[in-house]
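Notes for the structure review
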Amino acid sequence: MGANTSQVTDLSENTSLKALVGTQSISENDPFWNQLISFTFISPTNSGDSKLLEEAVIPLAKTLIQNNPRTGNFGALVRVFLGRTKELKISTECQDQLFIWQAHNALFMIRCLVKVFIREMSEEELLQQFSFQERAPGSCGEAGSEDLLEELLLNLVHLIVEVPLLDITYSILFEAVTTLLIFFSYQLFHKDILRDGFIYQHIMKGQCLELTSRLVKTLLYNFIRQEKCPPPSAHIFEPKAEGGLLYGLASGVASGLWSVFTLGGAGSRAGIDQDNNLLPLSNQSLLLLLVLANLTDGPDWPNPFRQAITCFRNTQDTSSLPVEPPHTFQINFNSLYTALCEQQRSDQATLLLYTLLHQNTNMRTYILSRTDMDNLVLPILEILYHVEDRNSHHVYMALIILLILTEDDAFNRSIHEVVLKNISWYTERSLTEISLGSLLILVVIRTIQFNMTRTRDKYLHTNCLAALANMSAQFRSLHQYAAQRIISLFALLSKKHNKVLEQATQSLRGRQGDNAALPDYAQDLNVIEEVIRMMLEIINSCLCNSLHHNPNLVYALLYKRELFEQFRSHPSFQDIMQNLDTVIGFFSQRLEQAGSDLSVERVQEVIMKGAQALPKDRLKKFPELKFKYVEEDQPEDFFIPYVWSLVFNSGVGLHWNPHGIELFSMDSG
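The structure displayed is predicted, hence computed values, not measured ones.

**Section: the packing of helix 12 (residues 212-225) against helix 17 (residues 333-342)**
Orientation of helix 12 relative to helix 17, taken along the N-to-C sense of each, is 55°, at an axis distance of 8 Å. Between helix 12 and helix 17, the interaxial angle falls into the category oblique. Helix 17 is crossed by helix 12, and the crossing has left-handed handedness. Contacts between helix 12 and helix 17 involve Leu 220, Phe 223 and Ile 224 from the first element and Ser 335, Leu 336, Ala 339 and Leu 340 from the second.

**Digging into the side chain of Thr 71**
If you trace the backbone, Thr 71 turns up in helix 4 (residues 47-71). Polar side-chain contacts of Thr 71 include one of 3.3 Å to the backbone nitrogen of Asn 73.

**Thoughts on a positive patch on the surface**
Judged by side-chain charge, Arg 456, Lys 495, Lys 496 and Lys 499 come together as a positively charged surface patch. Within the element layout of this structure, Lys 499 appears in helix 25 (residues 480-510).

**Digging into the environment of Ala 103**
As for its position among the elements, Ala 103 is in helix 7 (residues 97-120). Using a relative accessible area of 0% as the deciding quantity, one classes Ala 103 as buried. Each C-alpha atom of the pair Ala 103 and Val 80 lies 8.3 Å from the other, and the pair is 23 residues apart in sequence.

**As for the packing of aromatic side chains**
Within this structure, the stated rule accounts for 20 aromatic pairs. When the ring of Phe 490 is compared with that of Phe 567, the centres are 5.5 Å apart and the planes differ by 75°; the resulting orientation is edge-to-face. Of this pair, Phe 490 sits in helix 25 while Phe 567 is found in the loop between helix 27 (551-559) and helix 28 (574-594), placing the two residues 77 residues apart along the sequence. Relative accessible area serves as the criterion here: at 0%, Phe 490 is assigned to the buried category. When the ring of Tyr 555 is compared with that of Tyr 559, the centres are 6.5 Å apart and the planes differ by 10°; the resulting orientation is stacked. Taken together, the residues Tyr 555 and Tyr 559, both in helix 27 and four residues apart, mark about one turn of the helix. A relative accessible area of 22% means that Tyr 555 is categorised as partly exposed. An aromatic cluster of at least three residues, connected via ring pairs, comprises Phe 312, Phe 329, Phe 333, Tyr 337 and Tyr 366. It is Arg 446 that lies over the ring of Tyr 385; its NZ or CZ is 4.2 Å from the centre.

**Some points on helix 5 (residues 73-85)**
Taking 1.5 Å per residue, 13 residues should reach 18 Å; helix 5 reaches 19 Å between its end C-alpha atoms and fits that length. Counting buried positions over the 13 residues of helix 5 gives eleven, a clear majority of the element. Of the positions making up helix 5, those classed as buried are Asn 73, Phe 74, Gly 75, Ala 76, Leu 77, Val 78, Val 80, Phe 81, Leu 82, Arg 84 and Thr 85.

**Some remarks on the pattern of salt bridges**
Scanning all chains against the criterion turns up 17 salt bridges. Between Lys 421 and Glu 433 there is a salt bridge, with the nearest N and O atoms lying 2.4 Å from each other. You can see Lys 421 sitting in strand 3 (residues 419-421) and its partner Glu 433 sitting in strand 4 (residues 433-435), a full twelve residues away along the chain. In this structure, the salt-bridge partner of Glu 428 is Arg 446, at a minimum N-O distance of 2.5 Å. Note that Glu 428 is positioned in the loop between strand 3 and strand 4 and Arg 446 in helix 23 (residues 436-453), a separation of 18 residues in sequence. Beyond isolated ion pairs, a larger network of salt bridges with shared partners links Glu 388, Glu 428 and Arg 446.

**Some words on the nonpolar core**
As a rule of thumb, soluble globular proteins bury nonpolar side chains together. Core analysis: the biggest nonpolar cluster contains 222 residues, and Phe 81, Phe 183, Tyr 426, Leu 439, Ile 486 and Phe 564 have the highest contact counts within it. Of all the elements, helix 7 adds the most residues to this core, at 13 residues. Here Leu 439 is in contact with Leu 378, Leu 381, Leu 420, Ile 423, Trp 425, Tyr 426, Leu 431 and Ile 434, once residues within four sequence places are set aside.

**Observations concerning the environment of Thr 462**
Looking at the element boundaries, Thr 462 is found in helix 24 (residues 458-472). Looking at Thr 462, the relative accessible area reads 39%, which means it is partly exposed. Taking the C-alpha atoms as reference points, Thr 462 and Phe 627, 165 residues apart in sequence, are found 10.0 Å from one another.

**Concerning helix 10 (residues 170-183)**
Given a rise of 1.5 Å per residue, 14 residues ought to cover 20 Å, and the 20 Å separating the end C-alpha atoms of helix 10 matches this to within 8%. Burial of helix 10 is extensive: 14 of the 14 residues sit out of reach of the surface.

Rules used in this analysis
- For every chain, the first residue of the written sequence is number 1, and numbering continues from 1 onward in sequence order.
- Owing to the predicted nature of the model, reporting of local features is limited to residues with pLDDT of at least 70; listing and counting of side-chain atom pairs is limited to 80 or more, with chain, interface and lining totals taken over all residues.
- Water and hydrogen atoms were dropped before computing side-chain values, which therefore reflect all heavy atoms in the structure.
- To obtain an axis, a line is fitted to C-alpha atoms, over the contacting stretch when the element is a helix, and the angle between two such axes runs from 0 to 180 degrees between their N-to-C directions.
- Strands here mean DSSP runs of E at least two residues long; helices mean DSSP runs of H or I at least four residues long; both are numbered from the N terminus.
- Each angle gets one of four labels, with under 35 degrees taken as roughly parallel, over 145 as roughly antiparallel, 65 to 115 as roughly perpendicular, and the rest as oblique.
- Take the far helix as your reference; a near helix turned counterclockwise from it by less than a right angle gives a left-handed crossing, and one turned clockwise gives a right-handed crossing.
- Only heavy atoms matter for contacts: two residues are in contact if any of them lie within 4.5 Å across the pair.
- Here a polar contact is recorded for every N or O atom pair within 3.5 Å, except that within protein the pair must consist of a potential hydrogen donor and a potential acceptor, and residues adjacent in sequence are included only if both atoms are side-chain atoms.
- Like-charged residues within 9 Å of one another, or nonpolar side chains (Val, Leu, Ile, Met, Phe, Trp, Tyr) within 5 Å, are grouped into patches, provided each residue has over 30% relative accessible area and no salt bridge.
- In this description, accessible areas are obtained by the Shrake-Rupley approach with a 1.4 Å probe, and a residue is regarded as covered only by the protein chains that are shown.
- One side-chain nitrogen of Lys or Arg within 4 Å of one carboxyl oxygen of Asp or Glu is enough to make a salt bridge.
- Counted as positive: Lys and Arg. Counted as negative: Asp and Glu, with His and the chain ends omitted from the count.
- Here the site of a charge means atom NZ of a Lys, CZ of an Arg, CG of an Asp or CD of a Glu.
- Accessibility here uses a 1.4 Å probe with only protein chains present; expressed as a share of the type maximum, an area under 20% marks a residue as buried, one over 50% as exposed, and anything in between as partly exposed.
- By convention, a stacked pair of Phe, Tyr or Trp rings (six-membered ring in the case of Trp) has centres within 6.5 Å and planes under 30 degrees apart, an edge-to-face pair has planes over 60 apart, and any other such pair is tilted.
- Here, over-ring charges are defined by two tests on the NZ atom of lysine or the CZ atom of arginine: distance to the ring centre within 6 Å, and angle to the ring normal within 35 degrees.
- One less than the residue count of a helix, multiplied by 1.5 Å, gives the span that helix is expected to have.
- Side-chain atoms within 4.5 Å are what join buried Ala, Val, Leu, Ile, Met, Phe, Trp, Tyr and Cys residues into a set we call a nonpolar core.

So, in structure tokens, the structure goes:
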């Protein structure tokens, strides 16, 4: 067979494959298996070719489903793979490619078949595909099948954690990670969150349990290393003899790797997907890690993978704990931090960053202690700046990360000390020099304005304003443009408030009998007034705590002082308006005393001197603005559908039941 896709479509006529899926039982000791798994191939490099392969495998798998309960050939294939992997580590040390090559091919075939099995049958029926014994119709052989399934899962975990990542092992490690992901993909066919099952139990509390920390650590290091798929010459095995019965069958060791990332992803983004295709093992390892971390707790046992992610420590941490947390391990935080900074273009890397910040106090403390926080914050801000090109969930996670970071006062102070030059992706205005803090304010305000005109998501508003509120007491040396945008946002809210108020008034005057529209206006008005109140509190917090550090904000406040007049007598804003009135009145008087026709420079000079002269006791003290992210505020089971949306979008879950779990759209905007 050749390597092109027209020959892939002829797989159903291949005699060896017909024997595998046919009605005759083949002993696992039969020479047939050596011949079957000794094939060489060139991988398809586009989604069309990959889909052709998928479609060619489906009828073969369906035939095997019918015949396997009588032949046991699938179980034999699994045992052949298990036999090859027993010497895999030694083969790697000896650079013996034959064992690696054959083990990879067997696993690739298992993965292709299991992917179809999961689409076609329940987990109980899948279990039966692993069993075979001469038995009367109606009898059950599940005990042996469960043992074989658990042995396969345990073997895959051992393979991932024990076989070193080299050019010659890259493809089989990729297959092992992907096969585990596919075993968990039953979630794609169930609307409710899966909380039990054979696979679930084997991984969570079977023999795999003792390998939890090693598996999590290995998957993290796969993400950290960001190893590209090696060229075919580095890891493809060329048999000396003619043959290789599936020559041309696409798999994971050839040029470009059989990329599951190009299969069936809805709303995929070319640039990001291309990056993922260059780093298939890294990306796939991260997806598996997120799936494992978001498995639900059992009825009487916690998720061990979440425990491992929650408690791992830095390799440089030599302290001893009175009680060692379960499944803890140590990893190089500097390497992990660098990888997180470099990979924030992808949803899954952003979700990992969120998970570590929110759940691992060791990692959060380390991140907040870094003096190069701009390396992490800038990619997050770029996600928000290009909100039109990102899916809403990616934007949402980026905002939550900012909210978590702004809970720390030291972070809020330090970001105003980092000076940036020429931010190329910020195109609305040339920013030759600006602090990281001012840039953060600009991007968050832009996100609020985008949300006001497009998505109108109240929760998005809440997170944006909460982040600004957390930072407000530490605003320092705000850039002129940042100060202007704060006041411009207030102007936009004021205009919207007036418009809704006018509509509500007209509706009230013109209504006859019951008017259903009025309550809608009242609700809209209430939401806008809540946001206006928050903006006033943010401005007030800055004026009370750091007025003398922010002359540009005072300048912008004075320049647009008429905006605030209508809110002086409003019962919802009277208290908070007192301080703004005091500041506006104090500086207006000093400007009048300085004369007329003042230049911008002279106005700024008066403001700076006035800021030093304004007695602090003239401003009323309000409670400190502090908002904390609480995961319970999330929609129930938000993260499990999100993770599986990422998996499906990457192509692993090409098969998905529309009546199964509700997946999020990964489309932008």
